Amino acid sequence: MVDFLISKKISKKYFWKYLNLLELLLSQNGRITDAVLILSNDGDKIIQKASMRVQENLKKGLSLSKALAETFIIPNEKIISILRAGEESAALEKALSALIQDQKKTEDRNKRLIDLLIYPSIVFLFSILAIWIIFDYVIVGFSDIFENAKELPQTSKFLLEYSGYMGGALIKCLWLIVSILFLIVIIQNNNRFLNLYYYLSLKLPIIGSFVRNFSKRTFFKTLSLSQNVNIPLERCLELALESIQNIYFRKACGSSIMEIRNGVDLCDCLDPVGLVTGREYSQLSFAQKFGNLERIIGEIAIENDRATERRIETIMKLVGPFSILLLGGFILLIAMGVIVPLFSIQA
């Protein structure tokens, strides 16, 4: 138990804080060993503890990227790839700066998306709450009125039959969500299940498309950041491949991309595995001819981020209207199934 607590990795929040401090010290022309030593005497106890661990790992002969991976919970493989690129090109300060700037942009984007999600979330929760109250407490009161009715519409029969059960259904849905989250945690900690998950997620129609788009976005972002530290294109591609999380998609991309060693153009290597669209293929083709490949890769990475952000914003904007339509549709169902028959009985 003691060994587990000692070896427990430090959170992502402190990882980014540590990188910021490390980049600040390296920007003053300091060495990495000196920077780590200084941070081991930091006022923040957790930063101090983390730096001491990193220092121990460096003394064992590990690289900085591996030492950080042993100490912190790293958000994704892209970060490790960029750190390796910085180490290999002796431009670690530049790599850290690129990672920190990218993280700040990601945090700003996430903050905008969260602000955008507040209103539709409130509308959606209110709609579910209103439907639950109406279904379980209002419609139930009409059951005695319709008890002696000779003929009722199918809508009325449906509402009366299932009224009073929505609360239980919502609890079941909640338990289902908790079970799915628990299953995901188990899968992530078991390599056999994780490999099966990667395989199925790639083969399923809608989920597979999402996995490919997410992998493409990660690939181009890592490729763009790797080029900023001035390492050869082939090594940049290898690091970008390592950042793809799905191992089956990574293997498929790797066998195609490594054709660049045989003189195949980059655009022709990326096209067969779906890492480029038709427009991006043309952009890369012209970029290779005119020698501005680095700039075009950066533009494609930025455009992929913007496209993802636009999709998420569109979905979030639709949640509010969808919730209102859901509530309105349910009220219409009540009108057809309860109010209209009630008027007929009174008449």
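It should be emphasised that the depicted structure is a prediction, and the values quoted were computed from it without experimental measurement.

A. A look at the overall build of the protein chain. Along its length, the protein chain carries 16 helices and 0 strands. Computed over its C-alpha atoms, the radius of gyration of the protein chain comes to 28 Å, more than 25% above the 20 Å expected for a compact globule of 347 residues. Along the longest, intermediate and shortest principal axes, the C-alpha atoms of the protein chain span 90 × 55 × 35 Å. Within the protein chain, buried positions represent 38% of all 347 residues. The contacts in the protein chain between residues at least 6 apart in sequence include a share of 61% that link residues at least 24 apart. When the accessible surface of the protein chain is totalled, it reaches about 20,900 Å², and 62% of it is carbon and sulfur. Each charge class in the protein chain can be summarised by its mean position, and for the 40 positive and 34 negative side chains these summaries are 2 Å apart.

B. Examining helix α6 (residues 77-88) more closely. Taking 1.5 Å per residue, 12 residues should reach 16 Å; α6 reaches 17 Å between its end C-alpha atoms and fits that length. Contact partners of the buried residues in α6: α2 (12-26), α5 (64-71), α7 (92-138), α11 (205-227) and α12 (233-242). Of the residues trailing α6, A90 is marked for its positive phi of about 55 degrees.

C. Inspection of the nonpolar core at higher detail. Grouped together as the largest cluster of nonpolar side chains are 64 residues, with contacts concentrated most on F72, F219, F220 and L284. In terms of residue count, the dominant contributor to this core is α2 (8 residues). Leaving out residues up to four positions away in the same chain, F72 has contacts with K9, I10, S11, Y14, F15, Y18, A50 and V54. Judged by nonpolar contacts, the second largest core, of 14 residues, contains I131, L152, L327 and F330.

D. Fine view of the pattern of salt bridges. Enumeration over the complete set of coordinates arrives at 13 salt bridges. Among the salt bridges present, the one from E280 reaches K216, with a minimum N-O distance of 2.9 Å. Of this pair, E280 sits in helix α15 (residues 278-290) while K216 sits in helix α11, and the two are 64 residues apart along the sequence. Like E280, the residue K216 is buried in the burial classification. Across the pair R235 and E238 runs a salt bridge whose closest N-O atoms are separated by 2.9 Å. A residue pair is termed a helical-turn pair when its members lie 3 or 4 positions apart in one helix, as R235 and E238 do in helix α12 at 3 residues. Each of K78, D102, R217, K221 and D305 takes part in a single network of salt bridges with overlapping partners.

E. Summary view of the packing of helix α9 (residues 166-188) against helix α10 (residues 191-203). Running from N to C, α9 and α10 point in directions that differ by 110 degrees, and their axes come no closer than 6 Å. Viewed along their axes, α9 and α10 adopt a mutual orientation that is roughly perpendicular. Contacts from I186, I187 and Q188 of α9 reach α10 at F193, L194 and Y197. Classifying every residue of the contact of α9 with α10 gives 5 nonpolar, 1 polar and no charged.

Quick notes on the rules
Residues numbered from 1 in each chain as written. Predicted model: local features only at pLDDT ≥ 70, side-chain atom pairs only at ≥ 80, totals over all residues. Heavy atoms only, no water. Helix = DSSP H or I, 4+ residues; strand = E, 2+ residues; numbered from the N terminus. Rg over C-alpha atoms; globule rule 2.2 N^0.38 Å. Buried < 20%, exposed > 50% of the residue type's maximum accessible area, 1.4 Å probe, protein only. Contact = heavy atoms within 4.5 Å. Areas by Shrake-Rupley, 256 points an atom, 1.4 Å probe, with all protein chains shown as cover. Lys, Arg positive; Asp, Glu negative; His and termini not counted. Charge placed at Lys NZ, Arg CZ, Asp CG, Glu CD. Expected span 1.5 Å × (residues − 1). Core = buried A, V, L, I, M, F, W, Y, C linked by side-chain atoms within 4.5 Å. Salt bridge = Lys/Arg side-chain N within 4 Å of Asp/Glu carboxyl O. Axes fitted to C-alpha atoms, helices over the stretch in contact; angles between N-to-C directions. Parallel < 35°, antiparallel > 145°, perpendicular 65-115°, else oblique. Nonpolar A, V, L, I, M, F, W, Y, C, P; charged D, E, K, R; others polar.

None of the figures reported here should be taken as evidence of function without further support.
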